[in-house]
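So the chains spell out like this:
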Amino acid sequence: MAMLEVRDLHTSFFTPAGEVKAVNGISFNLDSGKVLGIVGESGSGKSVTAYSILQILAHPGRIVSGSIKFRGKELVGSGESEMRKIRGNKISIIFQDPMTSLNPVYTVGNQLEEAIRLHTGRNHQQARERAIEMLTLVGINEPQKRLKQYPFELSGGMRQRVMIAMALACEPDILIADEPTTALDVTIQAQILELMQDLQKKMGMAIIMITHDLGVIASMCDEVIVMYAGSVCERGTADNIFYRPRHEYTRGLLRSIPNIDIDEKERLVPISGTPIDLLCMPSGCAFAPRCERAMKICLEGRAPEVFVGKDHISACWMNVKEGMEKDAIEYDSEGRIVRMNLDGGAGA
């Protein structure tokens, strides 16, 4: 059994203008000790998926339907008191901007110690010792001095290290990193990612890495989910996603990455058009209006999520077309597509 199981999750924000379907039927598993990357443009539903898992959605957002199970226990519908036992203790999160996540009127030590006392039952002295231990672990020098400082007195990289220390202080089973390198310079980004990889190996925790940076995904993740308009376009290993992409959106993201090996006169190819309006979701594929290879069927209905190779799932009508041409489609007893052998290996 997977440690975290998300099934057909739908999360919406009910605004005066209508229902914004931020997450629209996403499903995935996360095993112990693995790193799962979730990638996509801004507004694709990455962060809302994370907030849904921890049930920290801002009003007027709420989970409409679906299932989220942690170690077999259903979290959807759990009360606030039950979720408090999960947050921090079992599942922790690092938010995008540490400057807005840390309280500016309290010292770093005050905030770290409060989180530790709240979730572990340690007394004041024990919490302080644990705070010093965690700051040392994340590579902050002079930890006793830092405990007395306020967030504005620390650099961006140090504030993010404090957030990592706070998230890991209770030794969670899962760490959700919501764009942890946003607003940091490249050197500090590399240090933070290296730190997270080291801590993941030492503590054996699973990580959900949410980012729009495909370079981060390539270097850290065992499995990758590509999201667009709240839905999963493609899911597979990092090798599958980068070397055998099976969705036009994934291919578009990869084409937009700068490549030092190409002719310097060659222009980057951006994805044309603008992201879909989540208030007016189409009946067909959400990416169809921006897709250069869209067919009539793409506008009429959503493609099924099917295996296109070993541990590789995609939801694109182009795969169905290719599978029919190659006679590589397998159907279930009710005539629904279950897998297509397009990558040269059977789905599993």
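In the nomenclature of an unreviewed UniProt entry, the chain corresponds to ABC transporter ATP-binding protein from the organism Candidatus Ornithocaccomicrobium faecavium. We quote the UniProt Sequence similarities (unreviewed entry) comment for the chain here in full: "Belongs to the ABC transporter superfamily."

Under the defined criterion, the tally for this structure stands at five aromatic pairs. Summarising the aromatic geometry, the rings of Tyr228 and Phe287 are spaced 5.3 Å apart at their centres and angled 80 degrees between planes, so their arrangement reads as edge-to-face. Of the two residues, Tyr228 is situated in strand E9 (residues 223-228) and Phe287 in the loop between helix H11 (248-255) and helix H12 (296-300); the sequence distance between them amounts to 59 residues. Take Tyr228 and Phe287: they sit in the same class, and that class is buried. Here a set of aromatic residues connected by ring pairs shows up, and it is made of Tyr228, Tyr249 and Phe287.

Further remarks concern helix H7 (residues 156-168). Compared with the 18 Å implied by 1.5 Å per residue over 13 residues, the 19 Å span of H7 between its first and last C-alpha is a close match. Extensive coverage of H7 is indicated by the burial of eleven of its 13 residues. Restricting attention to buried positions, one finds in H7 the residues Gly157, Met158, Arg159, Gln160, Arg161, Val162, Met163, Ile164, Ala165, Ala167 and Leu168.

This part covers the environment of Val226. As for its placement among the helices and strands, Val226 is situated in strand E9. Taking relative accessible area as the criterion, Val226 reaches 1% and is therefore assigned buried. Sequence spacing of Val226 and Ser44 is 182 residues, and the spatial spacing of their C-alpha atoms is 9.2 Å. The residues contacting Val226, other than those within four sequence positions of it, are Val39, Ser231, Val232, Cys233, Glu234, Ile241, Tyr249, Thr250 and Leu253.

The next point concerns the state of the cysteines. For the structure on display, the rule yields zero disulfides. The thiol of Cys233 is unpaired, and the distance to the nearest cysteine sulfur, on Cys285, comes to 6.7 Å. The class of Cys285 is buried, set by a relative accessible area of 19%.

Mapping Met166 onto the fold places it in helix H7. As for Met166 and Ile94, which are separated by 72 residues in sequence, their C-alpha atoms are 8.6 Å apart. Those residues in contact with Met166 that sit more than four places away from it in its chain are Leu102, Gln111, Leu112 and Ala115.

Cut-offs and rules
Residues numbered from 1 in each chain as written. Predicted model: local features only at pLDDT ≥ 70, side-chain atom pairs only at ≥ 80, totals over all residues. Heavy atoms only, no water. UniProt positions renumbered as here; feature names shortened; annotations may be inferred. Phe/Tyr/Trp six-rings, centres within 6.5 Å; stacked < 30°, edge-to-face > 60°. Helix = DSSP H or I, 4+ residues; strand = E, 2+ residues; numbered from the N terminus. Buried < 20%, exposed > 50% of the residue type's maximum accessible area, 1.4 Å probe, protein only. Expected span 1.5 Å × (residues − 1). Contact = heavy atoms within 4.5 Å. Disulfide = S-S within 2.5 Å.

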